[in-house]
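Architecture and fold: a report
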Amino acid sequence: EAGVVQSPRYKIIEKKQPVAFWCNPISGHNTLYWYLQNLGQGPELLIRYENEEAVDDSQLPKDRFSAERLKGVDSTLKIQPAELGDSAVYLCASSLHSGGPNEQFFGPGTRLTVL
Amino acid sequence: GESVGLHLPTLSVQEGDNSIINCAYSNSASDYFIWYKQESGKGPQFIIDIRSNMDKRQGQRVTVLLNKTVKHLSLQIAATQPGDSAVYFCAESSPFGNEKLTFGTGTRLTIIP
């Protein structure tokens, strides 16, 4: 079974430029998460989707970050414009559902460097 | 300024020995806890979980201990192998499931051959 797929794996941009990350969750997983991971720290949740609905985006900086999951499968996370402090790894995870404890499967992440 | 995250707690263990990684969690209402392993360039990988109604849970070579009184979680890895070298994170979940995981500070485990 294929795991969570993310692309690109690495991205280097200059500040003020836009950037987008793509995630394909595990087939059949209704819940999708985007996390931000700074160097040496644990992941921090940005947004959680149940199918196509964003049910928790309280930690998403909405002035520059946006996300979508139009058909309840793939998702994109966008930053516009990027700032130096956005340099981090952006992780996507998926789980079967969110009603009760169940394992979140993480993708390899996209490492963003903002110059 | 200095990044606290660069000073990741570290633990070095001789191959074949047992290791114990500790974690203090913050929310006394959390009822679900998970240990993740993260290798360089990869996303976190689930190792083992435990509900708050348990004190101990065992898996293959791993044991998680939960002390709710002092809000402490530990991961024991038996007979460590080189492949166990990674950063280990504990995570706690809100009372109604794992909708929102809050990750602790990781520990870098290095297995010495």
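It should be noted that the structure appears before, not after, this text.
Please read all numbers here as calculations on a predicted model, not as lab measurements.

**Points about the pattern of salt bridges**
Residue and element names in this part refer to chain A. Inspection of the entire model under this criterion finds nine salt bridges over all chains. Notably, a salt bridge pairs Arg48 with Glu50, separated by 3.0 Å at the nearest N-O pair. By relative accessible area, Arg48 is classed as buried at 10%. Given a relative accessible area of 18%, Glu50 falls into the buried group. Notably, a salt bridge pairs Arg64 with Asp86, separated by 2.6 Å at the nearest N-O pair. Of the two residues, Arg64 sits in the loop between strand S6 (53-56) and strand S7 (65-68) while Asp86 sits in the loop between strand S8 (75-79) and strand S9 (88-95), which places them 22 residues apart along the sequence. Salt bridges linked by common partners bring Arg64, Glu83 and Asp86 together as one network.

**Concerning the nonpolar core**
One finds Phe21, Trp34, Leu46, Leu77, Ile79, Tyr90 and Leu112 of chain A to be the most contacted residues of the largest nonpolar core, which totals 22 residues. Of all elements in the fold, only strand S3 (19-24), strand S4 (31-37), strand S5 (44-50), S8, S9 and strand S11 (110-114) of chain A reach the threshold of two or more residues within this core. When near neighbours in sequence (up to four residues on either side) are disregarded, Phe21 of chain A contacts Ser7, Trp34, Ser75, Thr76, Leu77, Ile79, Tyr90, Thr110 and Leu112 of chain A. Judged by nonpolar contacts, the second largest core, of 19 residues, contains Val13, Ile21, Phe33 and Ile77 of chain B.

**Observations regarding the packing of aromatic side chains**
Geometry of an aromatic ring pair is reported as the spacing of the ring centres plus the angle between the planes. Summed over the entire model, instances satisfying the criterion amount to eleven aromatic pairs over all chains. Seen in terms of ring centroids, Tyr36 of chain B and Phe46 of chain B are 6.4 Å apart; in terms of plane orientation they differ by 85°. Their pairing is edge-to-face. Residue Tyr36 of chain B is found in strand S3 (residues 32-38), and its partner Phe46 of chain B is found in strand S4 (residues 45-51); the two are separated by ten residues along the sequence. Since its relative accessible area comes to 22%, Phe46 of chain B is described here as partly exposed. Taken together through their ring pairs, the aromatic side chains of Tyr33, Tyr35 and Phe106 of chain A together with Tyr36, Phe46, Phe89 and Phe103 of chain B make up a single cluster.

**Some thoughts on the side chain of Ser95 of chain A**
Residue and element names in this part refer to chain A. When you line up the elements, Ser95 lands in strand S9. Reaching out from Ser95, the side chain makes a polar contact with the side chain of Tyr33 at a distance of 2.9 Å. Not counting residues within four places of it along the chain, the set of residues in contact with Ser95 comprises His29, Asn30, Thr31, Tyr33, Asn102, Glu103 and Gln104.

**Description of the sheet that holds strand S1 (residues 5-7) of chain A**
All names here are of chain A. Read from one edge to the other, the open sheet built from four strands follows the order S1-S3-S8-S7, with strand pairing classed as antiparallel. Taken across any chain shown, the strands that pair with only one partner, and hence form the sheet edges, are S1 and S7. Across the sheet, the mean angle from the axis of one strand to that of its neighbour is 15°, orientation sign disregarded.

**Focus: the side chain of Ser19 of chain B**
All names here are of chain B. Mapping Ser19 onto the fold places it in strand S2 (residues 19-24). By relative accessible area, Ser19 is classed as buried at 2%. Every residue in contact with Ser19, bar those within four places of it in the chain, is listed here: Leu11, Val13, Leu75, Gln76, Ile77, Thr80 and Leu109.

**Examining the pairing of S4 of chain B**
All names here are of chain B. Examined bridge by bridge, S3 and S4 share six bridges and lie antiparallel to one another. By the bridge assignment, Phe33 is partnered in S4 with Ile50. Hairpin connection of S3 to S4: six residues between the antiparallel strands, including Gly41 at a positive phi of 80°.

**Remarks on the sheet that holds strand S6 (residues 62-67) of chain B**
All names here are of chain B. Strand order in the open sheet formed by four strands is S2-S7-S6-S5, with antiparallel pairing between adjacent strands. At either margin of the open sheet sits one strand with a lone partner, and together these are S2 and strand S5 (56-58). The mean inter-strand angle of the sheet, taken between neighbouring strand axes irrespective of direction, is 15°. Bridge analysis of S5 against S6 gives three bridges, and the strand direction is antiparallel. Looking across to S6, one finds that Arg57 is bridged to Val64.

Conventions and cut-offs
Residues numbered from 1 in each chain as written. Chains lettered and ligands numbered in written order. Predicted model: local features only at pLDDT ≥ 70, side-chain atom pairs only at ≥ 80, totals over all residues. Heavy atoms only, no water. Salt bridge = Lys/Arg side-chain N within 4 Å of Asp/Glu carboxyl O. Buried < 20%, exposed > 50% of the residue type's maximum accessible area, 1.4 Å probe, protein only. Helix = DSSP H or I, 4+ residues; strand = E, 2+ residues; numbered from the N terminus. Core = buried A, V, L, I, M, F, W, Y, C linked by side-chain atoms within 4.5 Å. Contact = heavy atoms within 4.5 Å. Phe/Tyr/Trp six-rings, centres within 6.5 Å; stacked < 30°, edge-to-face > 60°. Polar contact = N/O pair within 3.5 Å; in protein donor to acceptor, adjacent residues only side chain to side chain. Pairing = 2+ DSSP bridges. Axes fitted to C-alpha atoms, helices over the stretch in contact; angles between N-to-C directions.

Keep in mind that these numbers describe shape and distance, not what the molecule does.
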